[in-house]
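Reading the structure
One-letter residues, chain by chain:
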Amino acid sequence: FIISLIFFPLRFWGKNRWQWMATIAVLWLYAMLTGLAPSVTRAVIMATFLLLGRILRRQTDPFNSLCAAAIILLTFRPYDLFSVGFQLTFLAVIGILMFARVPDRVRGSVVRVVVGWVTLSLGAVAMTAPLSAYYFHQFPGAFLLSNLPMGVLLPAFMVCGLLAVLLAIVGIPAGFMIAVTDAIYQMCTQLAQSVADIPGSLISIGSFPWWLLTPYYMGVVMLWVAIKRRNVAAGARGVAVAVFGIVLTGLWPSQTDYPDEVRLHNEYAVGIVACEGPTAY
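It should be emphasised that the depicted structure is a prediction, and the values quoted were computed from it without experimental measurement.

1. So, the pattern of salt bridges
Inspection of every chain in the model, using the stated rule, returns one salt bridge. For Asp 80, the salt bridge goes to Arg 77, with nearest N and O atoms at 3.0 Å.

Below, the structure is given as structure tokens:
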């Protein structure tokens, strides 16, 4: 969005397609500068399909664009499928796309914005938190307290940072804008630390097998379909199935007593300890 704003003057000359093509080029340059990380590449591919649809005057669908991004990424790097970062970034976007249209039925612009922030955050966490619990044995209990304010601070942080860079490029003193950017950054870090200090903000979870996540995700999909069809009974069944999956993972016997310390008596050796479930190697 920010990059497209930079090329917005092209519209005054009737060069809409040039604006979108330039935006695509800069996005891919940025993706290459970041090492084509899965999260960045996924976003750039989705934006590319969106802008290509505008250039070709064709409709685009975000789910199709997300699937295309996954196919393209896995074609070149198949093992990314087993990467935690790949799985989490795609699940987060799936959750956002699934529940992004819920606020459209809410009356009142202010209320709709607030409900939109909540549903987007809930959608992303609903899809990623169980997988995070499986990999990292933790669940963010106070995510709304940090996600909602961050939704305001992060866009301001990015815009101010970009303005500071542009001012420096054209030779205009950017000290004030840099100070504003740094102040917003400090607010973000202080907010994150304050939420982390709240009791219960991080809930520890024992290890469990991956297949126990199946009923939970089935329940979330059932809830999404019920919301689209406005079927309250089906939505209740979806919630029940998801809760059943959560209860299963909570009741699963697990051992989380990891060794606190490993001593090596050989001064020439280097020890690496890796924990997988209840086992330490």
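2. Some words on the side chain of Arg 42
Mapping Arg 42 onto the fold places it in helix 3 (residues 38–55). One buried charged side chain, Arg 42, makes no salt bridge at all; its nearest oppositely charged neighbour is Asp 80, positioned 12 Å away. The residues touching Arg 42, leaving out its near neighbours within four places in the chain, are Leu 66, Ala 69, Leu 73, Thr 89, Phe 90 and Val 93.

3. Here's the deal with helix 10 (residues 232–251)
When the terminal C-alpha atoms of helix 10 are compared, their 28 Å separation across 20 residues agrees well with the 28 Å that a helix rising 1.5 Å per residue should span. For helix 10, every residue scored as buried is listed here: Ala 234, Gly 235, Gly 238, Ala 242, Gly 245 and Thr 249. Across the axial projection of helix 10, the buried residues extend over an arc of 110°, all falling on one side. In this structure, helix 10 carries Val 232, Gly 250 and Leu 251 as exposed residues pointing more than 90 degrees from its buried face. Looking at the buried residues of helix 10, the elements they touch are helix 9 (213–229). By the N-cap criterion, in which a side-chain oxygen at the helix start approaches the backbone nitrogen of a residue two or three places on, helix 10 is capped by Asn 231, the distance to Ala 233 being 3.2 Å.

4. Regarding the environment of Phe 8
With respect to the helices and strands, Phe 8 occurs in the loop between helix 1 (2–6) and helix 2 (16–33). We classify Phe 8 as partly exposed; its relative accessible area is 36%. For the pair Phe 8 and Cys 275, spaced 267 residues apart in sequence, the C-alpha to C-alpha distance is 51 Å.

5. Some words on the state of the cysteines
In the structure shown here, the tally under the stated rule is zero disulfides. Cys 160 provides the cysteine sulfur closest to Cys 188, a residue in no disulfide bond, and the two sulfurs are 11 Å apart.

6. Here we look at the side chain of Thr 41
Within the element layout of this structure, Thr 41 appears in helix 3. By relative accessible area, Thr 41 is classed as buried at 5%.

About the thresholds
- Residue positions are given per chain, counting from 1 as you read along its sequence in written order.
- pLDDT decides what is reported in this predicted model: residues at 70 or higher carry local features, side-chain atom pairs at 80 or more are listed and counted, and totals for whole chains, interfaces and linings draw on all residues regardless.
- Excluding hydrogens and water, the side-chain figures rest on all heavy atoms present in the structure.
- Salt bridge, as applied in this entry: a Lys or Arg side-chain nitrogen positioned within 4 Å of an Asp or Glu carboxyl oxygen.
- Here a strand is any run of E in DSSP of at least two residues, a helix any run of H or I of at least four, and the numbering for each starts at the N terminus.
- The rule is simple: take the accessible area with a 1.4 Å probe, protein chains only, and divide by the maximum for that residue type; under 20% is buried, over 50% is exposed, in between is partly exposed.
- In this tally, Asp and Glu contribute negative charge and Lys and Arg positive charge; neither His nor the terminal groups of the chain are included.
- The contact criterion used is simple: two residues touch if any of their non-hydrogen atoms lie within 4.5 Å.
- In this analysis, the expected span of each helix is defined as 1.5 Å times one less than the number of residues it contains.
- Think of it as the arc spanned by the lines of direction from the helix axis to the C-beta atoms.
- A 3.5 Å cut-off defines polar contacts: any pair of N or O atoms within that distance qualifies, except that in protein one atom must be a possible hydrogen donor and the other a possible acceptor, and neighbouring residues in sequence count only when both atoms are side-chain atoms.
- The rule for a disulfide is simple: a pair of cysteine sulfur atoms within 2.5 Å.

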